[in-house]
Amino acid sequence: MNKPTIAKGTRDFSAMEMTRRNYIFDTIKEVFQRYGFQQIETPAMEQMSTLMGKYGEEGDKLLFRIQNSGEKAAQAPEKGLRYDLTVPFARYVVMHRNEITFPFKRFQIQPVYRADRPQRGRYREFYQCDADVVGTDSLISELELIQIVEEVFRRLNIQVVLHLNNRKILAGIAEVIGA
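By convention here, each chain's residues receive numbers from 1 onward along its written sequence. Thresholds applied to this predicted model are a pLDDT of at least 70 for local features of residues and 80 or more for the giving and counting of side-chain atom pairs; totals over whole chains, interfaces and linings are not thresholded and use all residues. Calculated side-chain values reflect all of the structure's heavy atoms, with hydrogen atoms and water omitted.

Caption draft 1: Just the packing of aromatic side chains, in detail. Centres within 6.5 Å are what make two rings of Phe, Tyr or Trp a pair, Trp counting through its six-membered ring; a difference in plane orientation under 30 degrees is then read as stacked, over 60 as edge-to-face, and the rest as tilted. Applying the stated criterion across every chain, the model contains five aromatic pairs. Geometrically, the ring pair formed by Phe25 and Tyr127 is tilted, given 5.2 Å between the ring centres and 40 degrees between the ring planes. Taken together, the positions of Phe25 in helix 1 (residues 15–34) and Tyr127 in strand 6 (residues 125–134) put the pair 102 residues apart, joining distant regions of the chain. An aromatic cluster is built from Phe32, Phe37 and Phe107, whose rings are joined through pairwise contacts. Only DSSP runs of H or I reaching four residues or more are called helices, and only runs of E reaching two or more are called strands; each is numbered from the N terminus.

Caption draft 2: The sheet that holds strand 6, seen in detail. Paired strands, as defined in this entry, are two strands with at least two bridges between them according to DSSP. Taken in spatial order, the three strands of this open sheet run 1-5-6, and their pairing is mixed. Where the open sheet ends on each side, the last strands, each with one partner, are strand 1 (38–39) and strand 6. Of the strand pairs in this sheet, strand 5 (residues 104–113) and strand 6 are connected by ten bridges, and their pairing is antiparallel. The residue bridging Lys105 from the neighbouring strand is Val133, located in strand 6. In what follows, a contact means two residues having at least one pair of non-hydrogen atoms within 4.5 Å. The axes used here are C-alpha line fits, helices contributing only the stretch in contact, and every angle between their N-to-C directions lies in the interval 0 to 180 degrees. Packed onto the sheet, helix 4 (residues 86–96) meets strand 5 and strand 6 and runs at close to 135 degrees relative to strand 5.

Caption draft 3: A look at helix 6 (residues 167–177). To sort residues, take the accessible area from a 1.4 Å probe on protein chains only and compare it with the maximum for the residue type: under 20% means buried, over 50% means exposed, and anything in between is partly exposed. Counting buried residues in helix 6 gives zero out of eleven residues, a small share hidden from the surface. Gly178 sits one or two positions beyond helix 6 and adopts a positive phi of about 75 degrees.

Caption draft 4: Just the pattern of salt bridges, in detail. Salt bridge, as applied in this entry: a Lys or Arg side-chain nitrogen positioned within 4 Å of an Asp or Glu carboxyl oxygen. Going through the model one piece at a time under the given rule, you end up with eleven salt bridges. Between Lys105 and Glu144 there is a salt bridge, and its shortest N-O distance comes to 2.9 Å. Of this pair, Lys105 sits in strand 5 while Glu144 sits in helix 5 (residues 139–155), and the two are 39 residues apart along the sequence. Among the residues examined, Lys105 registers a relative accessible area of 18% and is labelled buried. Overall, Glu144 belongs to the buried group, its relative accessible area being 17%. Across the pair Glu151 and Arg155 runs a salt bridge whose closest N-O atoms are separated by 2.9 Å. Of this pair, Glu151 and Arg155 both sit in helix 5, separated by four residues, roughly a single helical turn. Accessibility expressed as a relative area gives 32% for Arg155, which makes it partly exposed. Counted as one network, the salt bridges with shared partners bring together Glu30, Arg34, Glu151 and Arg155.

Structure below.
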């Protein structure tokens, strides 16, 4: 008789680990909600046409494809597991744009999947936590996101130093040096 195993790159969580994870997730959710972010969920499975081409050549190679989704193979659109939460969120906004009040502040805490080679601390299934604001170009939204990060770490009693970057500065430096 074979000993049961789990898929490579995945892991089980004990009751104690779940208690700790839920404390962290609940803390994050409380902070997001305090700043007016609304929680949404998107399916783990998306149409491959939604996923492909959004992550670059390397990212596209790491997409899990679903071979049999219970539909007749010739008629079924190809599907895959989400690589991150950003692309499914973009699809969500497009599909629900007439129901959303803009600016729309959303957060998601859900598992994502990468067909990557598992290594220590690097899994094929892991949780991602996203917060986004769409429908505004206000810098206040950027400030709020920084405040959220700081507040989450403070509530979790984790001392961090936040370093901010701006791609426009990097692009300007590259332009000046001709790179």
